[in-house]
Amino acid sequence: MMQSYFFDTKIELLKGVGPQRGNLLNTELQIFTFGDLIQYYPFRYEDRTQFHHIVELYEGMEYAQIKGRLRNVDKVGEGFKQRLTGIFTDGTGSLELTWFQGITWLEKNLRVGAEYVLFGKPAFFQGRPQMQHPELELLTGLNEKGGYFLPVYGLTDKLRKRYIDSKAIATMQRNLLQNAYPLIRETLPEFLLKKYRLIAKKDALYNIHLPLSEQWLHQAKRRLKFEELFYNQLRLIKQKLLRRVDYEGQIFKKSYLLKDFYENHLPFSLTGAQKRVIKEIFEDMRSGKQMNRLLQGDVGSGKTIVAFICMLLAIDNGAQACIMAPTEILADQHYQGLKVFADALGISIEKLTGSTRKKARTGIHEGLLDGSLKILVGTHALLEDIVQFQNLGLCVIDEQHRFGVAQRAKLWEKNKYIHPHILVMTATPIPRTLAMTLYGDLDVSVIDELPKGRKPIKTVHRYDAHRLTVFGFIRDEIKKGRQVYIVYPLIEESERMDYKDLMDGYESIVRAFPEYNISIVHGKMKSADKDFEMQRFVKAETQIMVATTVIEVGVNVPNASVMIIESAEKFGLAQLHQLRGRVGRGAEQSYCILMTDVKLSKDSRIRIDTMVRTTDGFEIADVDLQLRGPGDISGTQQSGIVDLLIADLAKDGEILKVARECAQAILDEDHDLELPQHAMIKEQIDSQRTEHSSWSRIS
Ligand code: ADP
Ligand code: MG
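Residues numbered from 1 in each chain as written. Chains lettered and ligands numbered in written order. Predicted model: local features only at pLDDT ≥ 70, side-chain atom pairs only at ≥ 80, totals over all residues. Heavy atoms only, no water.

A. Expanded view of the pairing of strand β18 (residues 483–487). Counting buried positions over the five residues of β18 gives five, a clear majority of the element. The alternating pattern of β18 places Gln-483, Tyr-485 and Val-487 and Val-484 and Ile-486 on opposite faces, both of which are buried. Of the strand pairs in this sheet, β18 and strand β21 (residues 560–565) are connected by five bridges, and their pairing is parallel. Each bridged residue has a counterpart across the sheet, and for Tyr-485 the counterpart in β21 is Met-563. Relative to strand β20 (residues 544–547), β18 runs parallel, the two being bridged by four bridges. When the bridges of β20 are listed, Val-487 appears paired with Ala-547. (Buried < 20%, exposed > 50% of the residue type's maximum accessible area, 1.4 Å probe, protein only. Helix = DSSP H or I, 4+ residues; strand = E, 2+ residues; numbered from the N terminus. Pairing = 2+ DSSP bridges.)

B. How the structure looks around the side chain of Arg-361. Residue placement: Arg-361 occurs in helix α13 (residues 358–370). Under the relative-accessibility criterion, Arg-361 is labelled buried at 15%. Ignoring sequence-local partners within four residues, the contact set of Arg-361 consists of Leu-352, Thr-353, Gly-354, Ser-355, Thr-356 and Glu-384. (Contact = heavy atoms within 4.5 Å.)

C. Spotlight on the confidence of the model for the protein. Per-residue pLDDT for the protein averages 86, and the proportion of residues at 70 or more is 89%. Element-level pLDDT for the protein is lowest in helix α22 (residues 636–639), with a mean of 37, against a maximum mean of 98 in strand β12 (residues 349–352). Confidence drops under pLDDT 50 across residues 633–641; counting only partners more than four residues distant or on other chains, this segment forms 24 contacts. Ignoring residues within four places in sequence, the model shows residues 690–699, a span with pLDDT below 50, making 33 contacts including any to other chains. (pLDDT = per-residue confidence, 0-100.)

D. The arrangement of the sheet that holds strand β16 (residues 443–447) in detail. A sheet is described by the order of its strands in space; here seven strands give the open sequence β12-β13-β11-β14-β15-β10-β16, paired in parallel fashion. Among the strands making up the open sheet, the edge pair consists of β12 and β16. Neighbour to neighbour, the strand axes of the sheet diverge by 20 degrees on average, direction disregarded. With five bridges connecting them, strand β10 (residues 292–297) and β16 associate as parallel partners. Bridge assignment links Gln-296 to a residue of β16, and that residue is Val-446. (Axes fitted to C-alpha atoms, helices over the stretch in contact; angles between N-to-C directions.)

E. Just the packing of helix α20 (residues 602–613) against helix α21 (residues 617–628), in detail. At a minimum axis distance of 10 Å, the contact between α20 and α21 shows a crossing angle of 170 degrees. In terms of orientation, α20 and α21 fall into the roughly antiparallel class. Contacts between α20 and α21 involve Asp-603, Ile-606, Arg-607, Thr-610, Met-611 and Arg-613 from the first element and Glu-619, Ile-620, Val-623 and Leu-627 from the second. (Parallel < 35°, antiparallel > 145°, perpendicular 65-115°, else oblique.)

F. Quick look at helix α16 (residues 467–479). Counted at 1.5 Å a residue, the expected span for α16 with its 13 residues is 18 Å, and the 18 Å between its end C-alpha atoms agrees. Among the residues trailing α16, Gly-481 stands out with phi positive, at a value near 100 degrees. (Expected span 1.5 Å × (residues − 1).)

G. Up close: the site of ligand 1. Around ligand 1, the surrounding shell holds 16 residues, and the nearest of these are Gly-300, Lys-303, Thr-304, Arg-454 and Asn-556. Here an oxygen atom of ligand 1 and a backbone polar atom of Gly-302 are 3.1 Å apart. Here an oxygen atom of ligand 1 and a side-chain polar atom of Arg-585 are 3.2 Å apart. Taken by itself ligand 1 offers 570 Å² of open surface, and the protein chains cover 83% of this. Split by residue class, the shell around ligand 1 holds four nonpolar, eight polar and four charged. (Near = heavy atom within 4 Å. Polar contact = N/O pair within 3.5 Å; in protein donor to acceptor, adjacent residues only side chain to side chain. Areas by Shrake-Rupley, 256 points an atom, 1.4 Å probe, with all protein chains shown as cover. Nonpolar A, V, L, I, M, F, W, Y, C, P; charged D, E, K, R; others polar.)

Written out as structure tokens, the structure reads:
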């Protein structure tokens, strides 16, 4: 970003760093050069412009800065309970101070009776204000007016132990900026700076680390975020343009099978949204260009039938199709569901998973190669090199968030002559801001309408103490002929863990409902056993399904209308939403009951309240994004596309929108960035280019 060699200088050569600290910065923060340091942005700021009085302190205050005098420092307690206490006064009141660590050093250095600037988070005990481990700085001409925003940097324990704290990093930044400031090149063209009223790059970098005022800080953030998102979007949009030119796609025109399917076998009429996305997908499949499309649709919106209809188009034209699901249960469900249609239409279909026997496997491989097998449904077993097609025309990836990016690339290579069309389906409603950035190079179709006749799921929150009432409710529903899921939080199925909760739960359910048949499914079971139990539930031979989150994705049992989630506070929002999506698939009124302990953390409460308030997947995804930050939303981290230093997709949606429109407008006018006024942009893009192998295109 900054071409000058100055910014490639090793960090240890910076004044006040040296080999030891330099080494720590390398290993702990991946800061190797001056350029790395200057781009190591604070993640928040403490407002040290204001001073507070002790009388003004209140419970819940984030931090306070107080000018006052230190009195009576005492050592109390013995051994590991030993602590140092002090009294701090400012004429409006007194504050009790406590330290548990560094006592010897503090005793030696604190000056009783001296004036200090104190900073920390106030707490209250029996109405008296207190503070633990406050920062104390002797009052000097420099700090007595207050007046700066202290940047807070991400640090590690190891750094803190070696006294590299936010203040130390800020000092390094100050030392660096003294020399760097005049060397910082502008990286946005003048006309954009003018149009969006952005401050110069050098001022932005200065103020992001050493803000001169709140105003400057605000402008610095705005400028850097805009730049980051602008180039990010420009790159993605450009990739999309490139792809359009680069990759040829099979042209699927004929549609005899489709006609037969629509006229004779389609079990319901499609929703408007389904029709619309099918049209969008068909346009791609007929365009002569390879399709890379993301199909978003909330749980239960009917993505499977859309996928099948698209598969028919490929088969109609002599190609083959496959659909890949993240779990065996789901692959099996797709297989069972699609086989009914395929059989009716006289199309061959097989299932391939990890547990497919050798003999069947060989048959499948042959059928794929000679073209007699048209549809393959499976899990990641599809990815194995031995699975080769005669002519794979369409590849559907269901619930894509479960797959790694590299795995998807393999599918892309399954047709050596002409890449298959790719349709990625996800029920994880990705907030629009995130989708734009993550999938900026994919076309997106959205099913934003549920099939008619669905009643919204009623969601309630119940404490564990009300379990008996909940059991009564379950009984009533089963009497009406419904089925019930009860889910336990064993999140990491792969890890060895205690199944006690699940088993205890299962046993108490068996005891409470002796008159009913109860299934249990969890990740430690053999997949054949899992399937067997699932099938019993699907066939309504069992009324209650006790399960872990293995049932989270995709399972479709329309008669199941009650979802009980135990220890709901332990689940993430996306997971709760997915689980709830298992019910509400039939015409009956469905219910979701979130069971929790009485004690809930703030975030847990927000999650539970959100679930009770809304069934809108997008709204839920937005709250999720606010709570967790975008890096955590499944799969985004590994995608390598979102690599933002300063912009926050959860909060900067507005800037993103503007940046994207701006990038789009520039590329519309000047595809290859050849106009003189775009020279700087082109240079930036070229210098930023990272090795994106072909798979990034479909991630
Ligand atoms: P998801 O989008 O979550 O994968 P599915 O494809 O599993 O949803 O569909 C959920 C249920 O809705 C299935 O039972 C399916 O048969 C049914 N369905 C899909 N489309 C329609 C429609 N247009 N009208 C009525 N039911 C539909
Ligand atoms: Mg599905």
